[in-house]
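Listed below, chain by chain, are the residues.
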Amino acid sequence: MREDLSVGTPPVLRLTNTLTRTKEVFRPIDPARVRVYACGPTVYDFAHIGNARPVIVFDLLFRLLRLLYGADHVTYVRNITDVDDKINARAVRDFPGLPLNEAIRRVTETTAAQYGKDCAALGALKPSVEPRATENIAEMQAIISTLIERHHAYAASGEVLFDTASMPDYGQLSGRNLEDNLAGARIAVEAHKKNPADFVLWKQSSPDEPGWDSPWGRGRPGWHIECSAMSERYLGPVFDIHAGGLDLIFPHHENEIAQSRCAHGTPVMANYWLHNGFLQVEGQKMSKSLGNFVTIHELLETDRFGGRRWPGAVLRLAMLMTHYREPIDFSVKRLEEAEQKLKDWQRAASPQPGTPPDDSVVAELCDDLNFHRASVALDAIARKANRGTETAAHCLYATLDFLGLLGDDLLAKNTADAPSGVDAAVAERLAALNARDFAGADRIRAELLARGIQLMDYKDETGARQTRWEMK
Ligand code: AMP
Ligand code: ZN
């Protein structure tokens, strides 16, 4: 496969396409300009670890495409939604003394900056472009005007609405048809709509709401139009891959498709649609509205989850261990397993500039990002490296680097040889604590401390006492 790469024929990449519900060979429109769009965050509050999943999964895809097609031949756009009623509400709550525009700017700037820090800590490369909705209002208005001209949109009660009945194949991505949407609609609320499935492109703003002048009065965009505008601006009317979490299939992605295809008169918006599964807590999707969330910042910088901080690379691996389309039930145990694996790999790895990532790992990822099988291949390389094969140690390092799993903070600490007998001493101390022999437990703690080993106690999910240790 390496030969293939050097003569410019990339190995075959297969991706599961939500649009066709099949795993397909990926064929870019132009291999010299592979184009990917992922829906980014609404910046009103810190991102939670569920939001980290698409960041990590589609970063892996970005890295793989860069390897296959060349780093200069892939454009990855991830937008920042900085106009939204949730942002306005947060601005009013947090900065009551400030003019609304200034308060909104504070909320969006702080949140977007934190998001950038979170993504970097998770080992995610910066996307090629991170456009903001508020910098693309004219582009949104242009699409809305075209949709009105082409009889795909109409004005009613101060809003401009997309006319879903004007698009015969509306609903292809989600498999919903207009009758389904009709059945579920609350008619009373939707009286001004021709069809309950019609959705807002532009809505009027009152004087105390943020707004922009437009042919339809001072107002602000609906939720979906921004992605149609930003993807067209940076990737063109038809591009290769559109990505996001499962919850975006309907209505967000369905409506993006409707807007873009009807405005540009194209048969598709993007050729491949990729969706990541949910990160769950006790079987429920992690979300702000359910209140069952932990922010990325809290997981990385505080002891709110499992009584300790977790390195970004550990969260990254914990997320990748499950196939991106499957749900993940998140737990401390999963993080511990990821940390152990990462330590094993990192201990066995050693750098050698110019070494490419391992072919078998790349081949597994080419099968719809099968990270599980890639990790089995990594284990095999680590075993070879541990038996003293230097090239395997170099290959392992290069592959971890390619996967964004070097996690420099961990690496420095863990490549030092683990001192012997610590695990046994920790177990002995736990047994002493459980037997209420506190003097014995303190003695073991002090002995370990004298060797530079610090113990930290915490409770696992079942409430059982656990201890981890680290070199001081
Ligand atoms: P939001 O800011 O809620 O629009 O979400 C940003 C991204 O995170 C979208 O791609 C969502 O689909 C995704 N997302 C939100 N919650 C979860 C979750 N619990 N698990 C996986 N992805 C999620
Ligand atoms: Zn979007």
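Residues numbered from 1 in each chain as written. Chains lettered and ligands numbered in written order. Predicted model: local features only at pLDDT ≥ 70, side-chain atom pairs only at ≥ 80, totals over all residues. Heavy atoms only, no water.

*Asks:* So what exactly am I meant to see when it comes to the site of ligand 1 here?
*Replies:* Around ligand 1 lies a shell of 16 residues, among which G50, G245, D247, L279 and M286 are the nearest. Within the side chain of N276, an N or O atom sits 3.3 Å from a nitrogen atom of ligand 1. Note that a nitrogen atom of ligand 1 is positioned 2.9 Å from one of the backbone N or O atoms of M286. In the complex, 85% of the free accessible area of ligand 1, which totals 490 Å², lies under the protein chains. Elements represented by at least two residues in the shell around ligand 1 include exactly α2 (49-69) and β9 (239-245). When residues in the shell around ligand 1 are grouped by element, the largest group, three residues, is from α2. Here the shell around ligand 1 is built from residues that sort into six nonpolar, eight polar and two charged. (Near = heavy atom within 4 Å. Polar contact = N/O pair within 3.5 Å; in protein donor to acceptor, adjacent residues only side chain to side chain. Areas by Shrake-Rupley, 256 points an atom, 1.4 Å probe, with all protein chains shown as cover. Helix = DSSP H or I, 4+ residues; strand = E, 2+ residues; numbered from the N terminus. Nonpolar A, V, L, I, M, F, W, Y, C, P; charged D, E, K, R; others polar.)

*Asks:* What is the right way to look at the coordination of the zinc ion (ligand 2) in this model?
*Replies:* Ideal coordination angles are 109.5 degrees for a metal with four donors arranged tetrahedrally and 90 or 180 degrees for a metal with six donors arranged octahedrally. Within the protein, C39 (SG), C227 (SG), H252 (NE2) and E256 (OE) serve as the donor atoms for the zinc ion (ligand 2), at 2.1 to 2.2 Å. In this structure, the zinc ion (ligand 2) is coordinated by four donor atoms arranged in irregular fashion, with angles at the metal of 77 to 129 degrees. Here the donor residues of the zinc ion (ligand 2) are spaced in sequence according to C-x187-C-x24-H-x3-E. Of the two residues, C39 is situated in the loop between β3 (34-38) and α2 and E256 in helix α8 (residues 249-264); the sequence distance between them amounts to 217 residues. E256 shares its class with C39; the two are buried. (Donors = N, O, S within 2.8 Å, 3.2 Å for Na, K, Ca; no water. Tetrahedral: all angles 85-135°; square planar, octahedral: opposite > 155°, others 65-115°. Buried < 20%, exposed > 50% of the residue type's maximum accessible area, 1.4 Å probe, protein only.)

*Asks:* Explain the sheet that holds strand β8 (residues 219-221) here, please?
*Replies:* Think of a sheet as strands paired side by side through backbone hydrogen bonds, with each pair either parallel or antiparallel. Sheet architecture is open: four strands sit in the order β5-β6-β7-β8, paired in antiparallel fashion. Edge positions in the sheet fall to β5 (153-156) and β8, since each of these pairs with one other strand and no more. Neighbour-to-neighbour, the strand axes of the sheet open up by a mean angle of 20 degrees, direction not taken into account. Taken together, the three bridges between strand β6 (residues 159-162) and strand β7 (residues 200-204) define a ladder with antiparallel strand orientation. From the neighbouring strand, E159 faces β7, where its bridge partner is K203. Running over the sheet, helix α5 (residues 137-149) touches β5, β6, β7 and β8 and is turned about 110 degrees from β7. (Pairing = 2+ DSSP bridges. Axes fitted to C-alpha atoms, helices over the stretch in contact; angles between N-to-C directions. Contact = heavy atoms within 4.5 Å.)

*Asks:* Got a minute to help me understand the side chain of N17 in this structure?
*Replies:* With respect to the helices, strands and loops of the structure, N17 is situated in strand β1 (residues 14-17). You can call N17 buried: its relative accessible area is 2%. Ignoring any residue separated from it by four or fewer positions in sequence, one finds N17 in contact with T22, E24, N271, Y272 and W273.

*Asks:* Help me out: how do you make sense of the packing of aromatic side chains in this one?
*Replies:* Given two aromatic rings, their pairing is described by the distance between the two centres and the angle made by the two planes. Taken as a whole and assessed by the stated rule, the structure comprises seven aromatic pairs. Members of the aromatic cluster, connected to one another through ring pairs, are F26, Y69 and Y272. A cation over an aromatic ring shows up here: K194 above the ring of Y154, its NZ or CZ 4.6 Å from the ring centre. (Phe/Tyr/Trp six-rings, centres within 6.5 Å; stacked < 30°, edge-to-face > 60°. Lys NZ or Arg CZ within 6 Å of the ring centre and 35° of its normal.)

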